[in-house]
Structures are given as C-alpha cells and as structure tokens.
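Spelled out from the first residue to the last, the chains are:
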Amino acid sequence: MKIYNTLSRTKEEFKPIEDGVVSMYVCGPTVYNYIHIGNARPMIVFDTVRRYLEYKGFIVNYVSNFTDVDDKIIKKANEEGTTSDVISKRYIEECKKDMEGLNVLPATVHPLATEEIPEMVEMINTLMKKDFAYRAEDGTVYFRTRKFEDYGKLSHKNLDDLEAGHRDIDVTGDGKEDYLDFVLWKPKKEGEPYWESPWSEGRPGWHIECSVMSKKYLGENIDIHAGGEDLIFPHHENEIAQSESANGVAFANYWMHNGFLNIDNRKMSKSLGNFFTVRDISEKYDLQVLRFFMLSAHYRNPLNFSDVLMESAKAGLERITNAYDNLMYLFENATNDVTSDEEAKEAINSYVKKFEDAMEDDFNTADAISTIFEFVRHINQDVNEDTGANVLKLYIEKLSMLCGILGIIVEKEEKLLDEEIERMIDERQKARKNKDFKKADEIRDELLRKGIQLLDTREGVKYKWL
Ligand code: AMP
Ligand code: ZN
C-alpha cells in the first residue's frame, strides 16, 4: 500500500511501526460554530483511510482532537455573554451530530485541549530544560525555532524564505529573540480563561496542543499524522519541531494532507457569502451525498463544491442504491435458491481487486468509486428474476462491503421493519425454548432470505443486514 508522504513528497510503501497496528492522529476542528463543509473534508477523507486500513485487518488507533480553547471561541463567548466552556461543549456536541450524519466513525479518543494542560506544561518544561524554549518578560514562552535544525523539512521551506515572509508568522507578543520563534504558552488577557504554569497564568499555544495529545494517546513516534493542507505550515511544521526536540525521536512517519474545498471555484469565506456549514447542506441533501461527493475526487486535489456537482453526486449515489434495492427485491422474491455462481464470483474477484488497487495507490477513492459503478453496471446486466438467491446474496454482500469501506451505507434503514424482525426473533426464541428447533430454523431461514443474519451473542440474539 502506497501513501503520499508530504515529508518526502513521494508515494511511499506503507510500513507501520508495529505489525498489524496503525497509530493515526488527525487535527480536529476549533469548536466555535457549526463545522463547515471544508472541515468535513479531512473528517471524511481520513475516516475512509481508517476504514480501509481496518478492512485490511489493521487495528487502527485513531485520535482526533477538539481545539476547545482559542481566540475565536473566546470571542464568540463574549458575544453571547457566556463562557468559552459553554461554547466549545455546545459545538462539540453539534460536530458529533454532523459526524454521525456523515457516517464518520467516532475516534478511538477525542481529546480536548483543555483537559490536557498539565501534559502541555510538562512538554514546555522539557523544552525549556533543553534550551529549545525561553520565557519573555511578559510571561510568554517561545520556541527557539533556529535551534531545531530540521525546521522546514515538512513544508520544504528554508529559513531564508521564511525570513522574507516573516510577516505571515503569528506574532502574539513582544520579547521574541527571533521573529521565527513561535508561541508555546501565552499569558492571559483580561477576561480570558487561564491555567497556572511556572511562567504565567495563561493558556497553551495551538501547536503544542497537538504535539502533546498525539504523544499522550499514541506515543512519541506515530505512523500517520494528518489534516488539511493549510496545516502543513506553520501548524505541522511547528508540531514536528516541538515533538522532536522534546522527545528526541522522529514524530510521525507519514504526513497526509487533504486539498482544499472551494465553492464555485473560489475560496470559501463568510465575507464572500459562499460559506456553508454541514448543517446547511443537511437541509437539502442526505449527508451521505456530501460524503459521496467528497470521495469522488482524489483527496489531495482541490475540490470544487457546486449545486451541479452535488446533484451529480446524488444521481451517482442513487444509481448504486437503486442497484442494491433491486438486488434485495430479487433476493426476497427469488424462485431459484441456487444457480451457478461462477461468473458472479469471477466478476466479484476482479472488481474487488480493482477497488483495492485504487485504494492501495494512495487511497484513490475516485477510481474506487468508478470501480463500484462498473460493478453496478455488471450486476444490473447479470441479474434477473431467474437468478439464484445464492448469487444475489453474493452481490448484495460485496456491493455493501465495497460501499461500506468508503463509509457509504446502501442498506435502507427501515424502522418498522426492525420491529417486525424483533417480533420474529422473539418467536424463534420461544420455539427454541419449546425445543421446536424445526420452527426456530424456519424463522432463521426466513430472516436470512430477507437479508438478515441472526447472531447468537452472550448479550442475546442480535442481527445484521447482509
Ligand atoms: P480548523 O478548525 O480551521 O483548524 O480546521 C479543521 C480542519 O479542517 C483542518 O484539518 C483544516 O485543514 C481543515 N479545513 C479547513 N478549511 C478547509 C477547506 N476549505 N477545505 C478542506 N479542508 C479544510
Ligand atoms: Zn493539530
């Protein structure tokens, strides 16, 4: 499997640090409002990377933070006459709802910056001791950028370029030794939330938050660190400088960055009036359509959002779900239990292989989706009323599996049907209790024909859609 690594600017063969396990950190949103559709892109893209890795059999430890202390959060709190805590908690909950709609799996851990402050103070202390950091008179602590020799290795900038563009650098206070130095800790201003530290009452800089949360939950050396391409510099460059200086080992082995989402070929911005939250989009579309749209492009390319493209994504997704519904209908009404499955198996092997090849090539979801379309075309041509239930079941399983790797749900959610299933499960349990195994088996088979598999677990009987 090949991953494009921003560090080397090449596609590299993926080799995890520990066999069978992947540690992955994805920079999460700053929570001061509903997330916008640009924020949704890394969530969807890296959730898909995770799903593919899990499909390959890896255990993925996936950490994604919420930045819950920040100037924008404080500003919003002041506007509403409330605290940052109220604002961030509110928008974390709203973000989680959007993630659910987008079918983004919850991370293994979603750390909050404000809950990890002691560890941040500790890392800054280590940097102070190693002379990589210093305190200015006003209580700000800065990182001594020039002391870290590899500075610029991720963004491929050299210090001279940076010198020329030094105005872009976030200058939050005076007393820097060098304009390249960046903030690790900043003293509080009137009315701001703050924490105690050896240097001042204040709060951490943004970059140190991710260095610390990544170390705490995944270790000093991790497999993949990811985020949008705007984070390459300075955020990720600074994370590398902090982590490698403090820990003395390489930070992340693979750095992945998604391209930007634009609207009607322009940068999305509130002032241009072309700014959409995920919630806005959910009023017009099922969020599955947004997910499908995002995955129709390669994650590293810029992606343009427009009504026309969303309509086309919607139509594309419907082509797949219609094929799936048709399969289910034929399966439920199949008159033949078994017909030859050789051709189906051969087709499945070749499409699954093609899908995997696309994903193995730096997660080319655009090609993976094209392969699903080809598979759907094949299925539509191959099946009819005479097709055996065995063949239909194979197609149903594999189509659902491939879509599932992309986080696309093809199964219909039918609440009423759920109750019906529960009723049949109860009936089967009663039959088993009465040792009427024939009846119990009949009910199980009937459910199976409807595409529902029963699972006898310790917590009782569960079921899943095939
Ligand atoms: P932020 O809350 O601005 O730190 O952003 C959270 C995540 O969304 C980061 O990984 C950003 O790189 C990413 N992001 C922000 N805007 C866009 C956009 N327009 N297109 C793609 N990714 C974005
Ligand atoms: Zn980060």
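The structure this text deals with has already been given above.
Colleague: Outline the sheet that holds strand 4 (residues 59-64), listing residues and values.
Modeller: With parallel pairing, the four strands of this open sheet are ordered in space as 4-3-9-10. Pairing within the sheet leaves two strands with one partner each, and these edge strands are strand 4 and strand 10 (252-258). The mean angle between the axes of side-by-side strands here comes to 20 degrees, regardless of whether they run parallel or antiparallel. One ladder, built from six bridges, connects strand 3 (residues 21-26) with strand 4; its direction is parallel. The residue bridging V26 from the neighbouring strand is S64, located in strand 4. Most of the contacts of helix 1 (residues 37-55) go to strand 4, to which it runs at about 165 degrees, and overall it touches strand 3, strand 4, strand 9 (222-228) and strand 10.

Colleague: For the coordination of the zinc ion (ligand 2), give the residues involved together with the corresponding values.
Modeller: Six octahedral donors at a metal ideally form angles of 90 or 180 degrees, and four tetrahedral donors ideally form angles of 109.5 degrees. Summarising the metal site, the zinc ion (ligand 2) is bound by the protein donors C27 (SG), C210 (SG) and H235 (NE2), whose distances to it range over 2.0 to 2.2 Å. Between the donor residues of the zinc ion (ligand 2), the gaps in sequence give the motif C-x182-C-x24-H. Of this pair, C27 sits in the loop between strand 3 and helix 1 while H235 sits in helix 7 (residues 232-247), placing them 208 residues apart in sequence.

Colleague: I'd like a description of the site of ligand 1, backed by residues and values.
Modeller: Contacts to ligand 1 come from 16 residues, most closely from T30, G38, G228, D230 and L261. In the model, an oxygen atom of ligand 1 is placed 3.0 Å from a nitrogen or oxygen of the G228 main chain. Here a nitrogen atom of ligand 1 and a side-chain polar atom of N258 are 3.4 Å apart. Notes on ligand 1: free accessible area 480 Å², of which the protein chains cover 88%.

Colleague: Before we move on, can you summarise the pattern of salt bridges with the specific residues and values?
Modeller: As enumerated under the stated definition, the model contains 37 salt bridges in all. D85 is the partner of K89 in a salt bridge, and the nearest nitrogen-oxygen pair spans 3.2 Å. Pair noted here: K89 and D85 are both in helix 3 (residues 84-101), with a separation of four residues, about one helical turn. By relative accessible area, D85 is classed as partly exposed at 43%. Taken together, the salt bridges that share partners define one network made up of E94, K97, D98 and R279.

Colleague: Kindly report on the pairing of strand 1 (residues 2-5), identifying the contributing residues and their values.
Modeller: Where a strand is regular, its side chains alternate between the two sheet faces. Burial along strand 1 is one-sided: I3 and N5 are buried, and none of K2 and Y4, which face the opposite way, are. The pairing of strand 1 with strand 2 (residues 10-13) spans four bridges and is classified as antiparallel. Its bridge partner lying in strand 2, N5 is registered against T10. Between strand 1 and strand 2, which pair antiparallel one after the other, the connecting turn spans four residues, and R9 there sits at a positive phi close to 55 degrees.

Colleague: If you had to explain the pairing of strand 10 to someone new, which residues and values would you point to?
Modeller: In terms of residue burial, strand 10 counts as a mostly covered element, since six of its seven residues are buried. Strand direction decides the pairing type here: strand 9 and strand 10, joined by six bridges, are parallel. The partner of G227 across the bridge, within strand 10, is H257. Each parallel crossover has a hand, and for strand 9 linked through helix 7 to strand 10 it is right-handed.

Colleague: Quick rundown of the nonpolar core? Include the residues and the values.
Modeller: Of all hydrophobic cores here, the largest spans 94 residues; its most connected members are I37, L53, I224, L290 and L399. Dropping the residues within four chain positions of it, L53 is found in contact with M1, F14, V22, M24, F58, V60 and I224.

Colleague: An account of the environment of W195 is requested, with residue identities and associated values reported.
Modeller: On the secondary structure map, W195 appears in the loop between strand 7 (182-187) and strand 8 (202-204). Through-space distance from the C-alpha of W195 to that of M328 is 58 Å; in sequence the pair is 133 residues apart.

Colleague: Give a detailed account of the environment of N364, specifying residues and quantitative values.
Modeller: Along the chain, N364 falls in the loop between helix 11 (342-360) and helix 12 (365-382). The exposure class of N364 is buried, given its relative accessible area of 13%. If sequence neighbours within four positions are ignored, N364 has contacts with H298, A358 and M359. Within the structure, N364 has its side chain in polar contact with the backbone nitrogen of D367 (distance 3.1 Å).

What counts, and at which threshold
- Residues numbered from 1 in each chain as written.
- Chains lettered and ligands numbered in written order.
- Predicted model: local features only at pLDDT ≥ 70, side-chain atom pairs only at ≥ 80, totals over all residues.
- Heavy atoms only, no water.
- Pairing = 2+ DSSP bridges.
- Helix = DSSP H or I, 4+ residues; strand = E, 2+ residues; numbered from the N terminus.
- Axes fitted to C-alpha atoms, helices over the stretch in contact; angles between N-to-C directions.
- Contact = heavy atoms within 4.5 Å.
- Donors = N, O, S within 2.8 Å, 3.2 Å for Na, K, Ca; no water.
- Near = heavy atom within 4 Å.
- Polar contact = N/O pair within 3.5 Å; in protein donor to acceptor, adjacent residues only side chain to side chain.
- Areas by Shrake-Rupley, 256 points an atom, 1.4 Å probe, with all protein chains shown as cover.
- Salt bridge = Lys/Arg side-chain N within 4 Å of Asp/Glu carboxyl O.
- Buried < 20%, exposed > 50% of the residue type's maximum accessible area, 1.4 Å probe, protein only.
- Right-handed = clockwise from strand over helix to strand, strands pointing away.
- Core = buried A, V, L, I, M, F, W, Y, C linked by side-chain atoms within 4.5 Å.

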